Amino acid sequence: MGGIAAMRTIATVNHKGGSGKTTTAVSLSAALAETGRRVLLIDLDPQASASAWVAAPTESRTLLDALLGGARLSDAVHHTGTLGLDIVPSSMWLLGAERMLAEIHAGEGRLAQLIGDLPDRWDYLVVDCPPALGALTANALASVEELYIPVEAHVMAMAGLVQLLRGVEAARERVNPRLRISGIVACRVDARTRHGPEVVERLRGRFGDLVCSTVIRENVRLAECPSFGQPITQYDARCSGAADYRSLACEVIAQEVRHAPAA
Ligand SMILES: Nc1ncnc2c1ncn2[C@@H]1O[C@H](COP(=O)(O)OP(=O)(O)O)[C@@H](O)[C@H]1O
Ligand SMILES: [Mg+2]
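Residues numbered from 1 in each chain as written. Chains lettered and ligands numbered in written order. Predicted model: local features only at pLDDT ≥ 70, side-chain atom pairs only at ≥ 80, totals over all residues. Heavy atoms only, no water.

S.K.: Could you clarify how one ought to interpret the packing of helix H4 (residues 94-103) against helix H6 (residues 135-143) in this entry?
M.R.: How two helices pack is summed up by the angle between their axes together with the distance between the axes. Between H4 and H6, whose axes approach to 8 Å, the crossing angle comes to 70 degrees. Comparing the axis directions of H4 and H6 gives the class roughly perpendicular. Residues Leu94, Glu98, Leu101 and Ala102 of H4 lie in contact with H6, whose contacting residues are Ala135, Leu136 and Asn139. For the contact of H4 with H6, the class distribution of residues is five nonpolar, one polar and one charged. (Axes fitted to C-alpha atoms, helices over the stretch in contact; angles between N-to-C directions. Helix = DSSP H or I, 4+ residues; strand = E, 2+ residues; numbered from the N terminus. Parallel < 35°, antiparallel > 145°, perpendicular 65-115°, else oblique. Contact = heavy atoms within 4.5 Å. Nonpolar A, V, L, I, M, F, W, Y, C, P; charged D, E, K, R; others polar.)

Here it is as structure tokens:
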């Protein structure tokens, strides 16, 4: 296993689009990197929004080359403009991988295999999942130990969550016994209305401590910063979005002891 045991592996997952997966994957990764931790972000979404956010556009050395092209995952690692944050970018061609991964033998375990071969260079691996429970997300569920589930704290936030939890349970039983949900993250909480905090309360009532203490407030700066190619911690270090994701990073870091390899 080598140093891999010390690397924490996280995926942001929710089959609902627009729930805050990419925003959380990128912002949490940047906030972790800010504390000196070395983070590798893997963009598993053919829409490539995390890639477009923090990396220069590229069609070479992408995740696809490693998933299906026989390249090593470490050869597809690109630096970003954020110190300590690297990325394996996606591309729209990954869409074709969805079908191929479902067809090839042991396709569900491809990403896990690639991650297992990574050099011991990062403290955190963060996988941004596509908005579907297809073969790509199945690869994420087979690869990581921890899931963070961003939930858009608007109407119907909980619809679909039960289905997602069932999918996670099935993946745990079938392919990855170490998989667990580390936190449900309430995103886009509009504190100015009663509705936002109400949704958070309902989440807490239903899922208890599984819901992260940190709540991500609605913040227009978070919606803006992808167009400027910077994570929120750099784009506007003092806005509420930066504060909320730093707070989430603190919660994540607080669990590092649980993940320390036994001496
Ligand atoms: N806390 C927030 N405040 C304002 N806008 C947000 C916030 N979180 C996400 N968004 C915006 O909502 C949209 C969906 O978020 P995104 O992270 O892309 O979701 P997903 O990856 O789950 O599809 C994006 O346009 C994003 O900029
Ligand atoms: Mg996304």
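S.K.: Please clarify how the site of ligand 1 should be interpreted in this entry.
M.R.: Around ligand 1 lies a shell of 14 residues, among which Gly18, Lys21, Thr23, Arg188 and Asn219 are the nearest. The backbone of Ser19 places a nitrogen or oxygen atom 3.0 Å from an oxygen atom of ligand 1. Within the backbone of Thr22, a nitrogen or oxygen atom sits 2.9 Å from an oxygen atom of ligand 1. Isolated, ligand 1 exposes 560 Å² of accessible area, and the fraction of that covered by the protein chains is 80%. Mapping ligand 1 onto the cavity grids shows that it belongs to the largest pocket. Elements supplying a minimum of two residues to the shell around ligand 1: helix H1 (21-34) and helix H9 (220-224). Examining the composition of the shell around ligand 1, we find that three residues originate from one element, H1, more than from any other. Residue composition of the shell around ligand 1, by class: three nonpolar, seven polar and four charged. (Near = heavy atom within 4 Å. Polar contact = N/O pair within 3.5 Å; in protein donor to acceptor, adjacent residues only side chain to side chain. Areas by Shrake-Rupley, 256 points an atom, 1.4 Å probe, with all protein chains shown as cover. 1 Å grid on protein atoms, 1.4 Å probe; cavity = no way out; pocket = protein on both sides within 12 Å on 5 of 7 lines; lining within 4 Å. Sits in = over half its atoms within 2 Å of the grid points.)

S.K.: How should I be thinking about the nonpolar core in this particular structure?
M.R.: Here is a general trend for soluble globular proteins: nonpolar side chains tend to be buried in one another's company. Counting 48 residues, the largest nonpolar core has Ile42, Leu63, Leu73, Val127 and Leu147 as the members making the most contacts within it. Among all residues touching Ile42, those that are not within four sequence positions of it are Leu63, Leu73, Val88, Leu111, Ile115, Leu125, Val126, Val127 and Asp128. The next biggest cluster of nonpolar side chains, apart from the first, holds 33 residues, and it includes Val39, Tyr148, Cys239 and Ala249. (Core = buried A, V, L, I, M, F, W, Y, C linked by side-chain atoms within 4.5 Å. Buried < 20%, exposed > 50% of the residue type's maximum accessible area, 1.4 Å probe, protein only.)

S.K.: Looking at this structure, how should I read the pattern of salt bridges?
M.R.: Oppositely charged side chains can form a pair if their charged atoms are brought close together. Scanning the model with the defined rule gives 17 salt bridges in all. Note that Arg37 and Glu256 form a salt bridge whose closest N and O atoms lie 2.5 Å from each other. On the criterion of sequence distance, the pair formed by Arg37 in the loop between H1 and strand E2 (39-43) and Glu256 in helix H12 (residues 256-259) is long-range, its members being 219 residues apart. Linking Arg174 and Glu108 is a salt bridge whose minimum nitrogen-to-oxygen distance equals 3.2 Å. In this pair, Arg174 sits in helix H7 (residues 161-174) while Glu108 sits in the loop between H4 and helix H5 (110-116), placing the two residues 66 residues apart along the sequence. Looking at Glu108, the relative accessible area reads 25%, which means it is partly exposed. Via salt bridges that share partners, Arg8, Glu146 and Arg180 belong to a single interconnected network. (Salt bridge = Lys/Arg side-chain N within 4 Å of Asp/Glu carboxyl O.)

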